[in-house]
Every structure is written in C-alpha cells, then in structure tokens.
Amino acid sequence: FLSTRIKEDLIGLKEEKQMYKFLKKLDSETHNSKNLYLTKNYLNVLSEFNVLTENFFNNVLVNDEDKSLKNNRLNLLFQIKNKLNTICNFEAIKN
C-alpha cells in the first residue's frame, strides 16, 4: 500500500518539478474556484496537463529501481489523477 504523501526532497528531475508545480496549481485553482469546469481556464488546465504528461513520461522512469523514487512518482501521478477527477470524470466516457 502506497502513502499518497509526496516527498518534495525526492523530486529532482525537471519534469517531476513541473508536474508537482502543476499539482499545486490545480490545488489552488480548484480551491479558489469550485466551478473551474465552467470556465475557459478549464481548457487551459487540460492543455497544460497534456504537454506536461507527455514530457513526464518521455523523460521520467516512474518504475525506478529506487523504491522511494518510484513511490514518490506514483504518488505524484495519483494525486494529479484524483485532482483532475474532481473537475472531469474521464471514466464516464464510454466507447
């Protein structure tokens, strides 16, 4: 079982830092605007997420041999997923 706490001292790669900054931005955006999904800012958030995610997975080995790094990276992705699910439920999209 993974803790969902992100250890900032284990965030070293540029792409990890960018994703962590994005999570903090999401926290701020969703806290300040309960209706983020109703604003044009919502599309900006999704667009930014697309670019950051591509960069992250192209440059970061999530399944690192170092268990601390691996767990921290999984926690980062888990928290972003949970935060995005509060503004957009992708699981509701069916084929």
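Conventions and cut-offs
Residues numbered from 1 in each chain as written. Predicted model: local features only at pLDDT ≥ 70, side-chain atom pairs only at ≥ 80, totals over all residues. Heavy atoms only, no water. Helix = DSSP H or I, 4+ residues; strand = E, 2+ residues; numbered from the N terminus. Contact = heavy atoms within 4.5 Å. Areas by Shrake-Rupley, 256 points an atom, 1.4 Å probe, with all protein chains shown as cover. Expected span 1.5 Å × (residues − 1). Buried < 20%, exposed > 50% of the residue type's maximum accessible area, 1.4 Å probe, protein only. Polar contact = N/O pair within 3.5 Å; in protein donor to acceptor, adjacent residues only side chain to side chain. Salt bridge = Lys/Arg side-chain N within 4 Å of Asp/Glu carboxyl O.

S.K.: Requested: an account of the overall build of the chain, with residues and values cited.
M.R.: Of regular secondary structure, the chain possesses 3 helices and 0 strands. Along the chain direction, N to C, the helices and strands of the chain fall in the order α-α-α. A separation of at least 24 residues holds for 71% of the contacts in the chain among residues at least 6 apart in sequence. If you sum the accessible surface of the chain, you get close to 6700 Å²; carbon and sulfur atoms cover 51% of it.

S.K.: Requested: an account of helix α3 (residues 67-87), with residues and values cited.
M.R.: Between its first and last C-alpha, α3 extends 31 Å over 21 residues, near the 30 Å set by a 1.5 Å rise per residue. Those residues of α3 that fall on the buried side of the exposure criterion are L69, N72, R73, N75, L76, L77, I80, L84 and I87. One side-chain oxygen at the N-terminal end of α3 lies 2.9 Å from the backbone nitrogen of S68; it belongs to D66.

S.K.: Hey, could you go over the pattern of salt bridges for me, with residue numbers and the actual values?
M.R.: Using the criterion set out here, one finds 3 salt bridges in the structure. Salt-bridge contacts for E16 lead to R73; the nearest nitrogen and oxygen are separated by 2.8 Å. Taken together, the residues span a long stretch of sequence, with E16 in helix α1 (residues 14-32) and R73 in helix α3 at a distance of 57 residues. Both residues of the pair, E16 and R73, belong to the buried class. A salt bridge links E48 to K25, with the nearest nitrogen and oxygen atoms 2.6 Å apart. Here E48, found in helix α2 (residues 41-59), pairs with K25, found in helix α1; they are 23 residues apart in sequence, far enough to count as distant. Overall, E48 belongs to the partly exposed group, its relative accessible area being 27%. The partly exposed category is assigned to K25, whose relative accessible area is 34%. Taken together, the salt bridges that share partners define one network made up of E16, D64 and R73.

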